[in-house]
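Residue-level listing of the chains:
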Amino acid sequence: MDTSAYLSAVVEQTNILADWLHDRDATAPVPTCPEWTLADLVDHVGGTQRMVAMLVGEQLAEPSKAFAAYVPAPTDSSQWRAWLTDGAAEAKQAFASVTDDTPVWDPSGAAAGVPFWSRRLFGEACVHRADAAAALGLPYELAPELAVAALEDWLDTLTSRGYWENRPGFADAMRGNGQTLHFHATDAPGEWVARREPDMVVLEHGHTKADVAVRGPATDLLLVISRRRPLDATPTLDVHGDRALFVHWIEHMDWVTGD
């Protein structure tokens, strides 16, 4: 997917989320993010999209201005639909004003802010829609190709140099001496091999033997690896090899709730 396709998908996923959340109980808990209510979920999704729209639209080299301008969600849940859809549209418009080479702050350390943020907003929308589904008791569906793209975002972001350097607890937990994990989507092209090294997690694409291999539908892989569904509750995933190594990975590949 290119930047334009990511932003179109951001709008699509956010619109579904907005329809789900319209006029819901703001105090309802979000079981997949135990510290959050639905109000927190809405605030995070819409606020992040607006923050990124400023980062990209104003081509900021560092994020303090965008952080300071964070826009909180309305407290009235009857306003959530419009607020969420407006935020996604604002983000799409901001990305339309730049190219992939436009300098924008990139927290991953790769110095490619526009491609990073387009994919990050997409991954956010997909995973947080799963949070909403869990909170509201709704079925979660995602096309396999989109699930592969969202999983790529999750894996690539959490194995980035920037994440490693800014999350010392994560880095300590994920240091290794060459242990390998292979993830394989079975319903759309998507294979990754992660190797735990002393100073980083190396993520590569392809098929190879590993200490543990995890195979299954892309959406189920996404939900388990992003900690939106327990592994034991996902019989569609086949785990071959060192299951404890995969469980350790899941337990520590955890986004910080307040981010």
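Quick notes on the rules
All residue numbers here refer to positions counted from 1 along the written sequence of the relevant chain. Where local features are concerned, this predicted model is filtered to residues with pLDDT of at least 70; where side-chain atom pairs are given and counted, the filter is 80 or more; whole-chain, interface and lining totals use all residues. Side-chain measures here rest on the full set of heavy atoms in the structure, leaving out hydrogens and waters. UniProt positions are given in the numbering used here, feature names are shortened, and annotations may be inferred rather than shown by experiment. Comment: elements are numbered from the N terminus, with helices defined as DSSP H or I runs of at least four residues and strands as E runs of at least two. Only when DSSP finds a minimum of two bridges between them are two strands counted as paired. Only the stretch in contact is used when a helix axis is fitted, and all axes are lines through C-alpha atoms; the angle between N-to-C directions ranges over 0 to 180 degrees. Here, residues are in contact when the closest pair of their heavy atoms is within 4.5 Å.

The UniProt record annotates "domain: MDMPI C-terminal" (unreviewed entry) at residues 145-246. For the annotated span residues 145-246, helix accounts for 38% and strand for 28% of the residues, and the straight-line distance between the end C-alpha atoms is 23 Å.

Okay, the UniProt feature "domain: Mycothiol-dependent maleylpyruvate isomerase metal-binding" (unreviewed entry) in the protein next. Per the UniProt record, "domain: Mycothiol-dependent maleylpyruvate isomerase metal-binding" (unreviewed entry) is annotated on residues 13-133. Annotation note: span residues 13-133, helix share 60%, strand share 0%, distance between end C-alpha atoms 12 Å.

Right, let's talk about the sheet that holds strand β1 (residues 179-185) for a bit. Spatial strand order, β3-β2-β1-β4-β5: 5 strands in an open sheet with mixed pairing. Of all strands in the sheet, those bounded by a partner on one side alone are β3 (200-205) and β5 (238-241). When strand polarity is set aside, the average angle formed by the axes of neighbouring strands in this sheet is 15 degrees. Two elements, β1 and strand β2 (residues 191-197), share 6 bridges in a ladder whose sense is antiparallel. Each residue of the ladder has a partner; that of phenylalanine 183, found in β2, is tryptophan 192. Packed on one face of the sheet, helix α6 (residues 144-158) meets β1, β2 and β3 and runs near 10 degrees to β2.

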